[in-house]
Amino acid sequence: MSAVRQHLCNTYRNCKEWLLGDSGYPLEPWLLTPFSNPNNDDYQMFNNAHSKARSTVERAIGVLKGRWRCLCKQRNLHYKPSVCSKIINVCATLHNICIQMDDYLPVDEILVDYDDDNVIHFGNTMYNVGDENRRAVIAYMNNN
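Throughout, a residue's number is its position along its own chain's written sequence, starting from 1. For this predicted model, a pLDDT threshold of at least 70 governs which residues receive local features, and a threshold of 80 or more governs which side-chain atom pairs are given and counted, while totals over whole chains, interfaces and linings are taken from all residues. Hydrogens and waters are ignored; side-chain quantities use all the structure's heavy atoms.

> So what's going on with the overall build of the chain? Residues and values would help.
The helix and strand tally for the chain stands at four helices and two strands. When the helices and strands of the chain are read in sequence order from the N terminus, they spell out α-β-β-α-α-α. Within the span of the chain, comprising 144 residues, buried residues form 25% of the whole. When the accessible surface of the chain is split by element, carbon and sulfur atoms take 55% of a total near 10000 Å². Numbered from the N terminus, helices here are DSSP runs of H or I no shorter than four residues, and strands are runs of E no shorter than two. Here's how the labels work: a residue is buried when its accessible area is under 20% of the maximum for its type, exposed when over 50%, partly exposed in between, all with a 1.4 Å probe on protein chains only. Computed by Shrake-Rupley with a 1.4 Å probe, the accessible areas treat only the displayed protein chains as cover when residues are assessed.

> Give a description of helix α2 (residues 41–67) that names residues and reports values.
A helix is expected to span 1.5 Å multiplied by its residue count minus one. Between its first and last C-alpha, α2 extends 39 Å over 27 residues, near the 39 Å set by a 1.5 Å rise per residue. Turning to α2, its buried residues number three or more, namely Tyr43, Phe46, Asn47, His50, Arg54, Gly62, Leu64, Lys65, Gly66 and Arg67. By the N-cap criterion, in which a side-chain oxygen at the helix start approaches the backbone nitrogen of a residue two or three places on, α2 is capped by Asn40, the distance to Asp42 being 3.0 Å. The definition of a polar contact used here is a pair of N or O atoms within 3.5 Å, where within protein one atom must be able to donate a hydrogen and the other to accept one, and adjacent residues in sequence count solely through side-chain atom pairs.

> Residues and numbers for the side chain of Asp22, please.
Relative to the elements of secondary structure, Asp22 occurs in the loop between β1 (19–20) and β2 (31–32). By relative accessible area, which is 15% here, Asp22 ends up buried. A polar contact is formed between the side chain of Asp22 and the backbone nitrogen of Gly24, at a distance of 2.9 Å.

> Kindly report on the packing of α2 against helix α3 (residues 81–100), identifying the contributing residues and their values.
Fitted lines through C-alpha atoms serve as axes, helices being fitted only where they are in contact, and the angles separating the N-to-C directions of these axes extend from 0 to 180 degrees. The N-to-C vectors of α2 and α3 enclose an angle of 85°; their axes lie 10 Å apart at closest approach. The angle between α2 and α3 places the two elements in the roughly perpendicular class. Only Cys91, Ala92, His95 and Cys98 of α3 make contact with α2, whose side of the interface consists of Val63, Leu64 and Arg67. In this scheme, roughly parallel covers angles under 35 degrees and roughly antiparallel covers those over 145, while 65 to 115 is roughly perpendicular and the rest are oblique. Residues count as neighbours in contact if any of their non-hydrogen atoms are within 4.5 Å of one another.

> Before we move on, can you summarise the side chain of Asn133 with the specific residues and values?
As for its placement among the helices and strands, Asn133 is situated in helix α4 (residues 125–143). In this structure Asn133 touches Tyr12, Trp18, Pro29 and Leu32, once residues within four positions along its chain are discounted.

Okay, here's the thing in structure tokens:
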């Protein structure tokens, strides 16, 4: 198990926070992915909310990649995850300082990476727990 995966397992055990991933990632207890074939209104509602949230995050990442090219896929950060997270946090902080100083990034400088891989993993415990978490989010959305 990679250090990142181990960290995500440990974090999930301690605080029940989730990441959102596209359908190219496996459903995990800490990584909620959309339903591949939403066959009812609840699943479609979940997928719509999931897509909206991911779209917001993708735009924010695109802005950071446009300003700080070291974050682009072609320029992998060859450091431990703890160092990479510090670099990303510094880039976000510097970006916010730039905005405060009225130094905005032109729209044509925003970068977005699209991943067309659609990998779905069924039949394992991690998937089942992730599926329970997705359904809990649906129940919450229906009650609020």
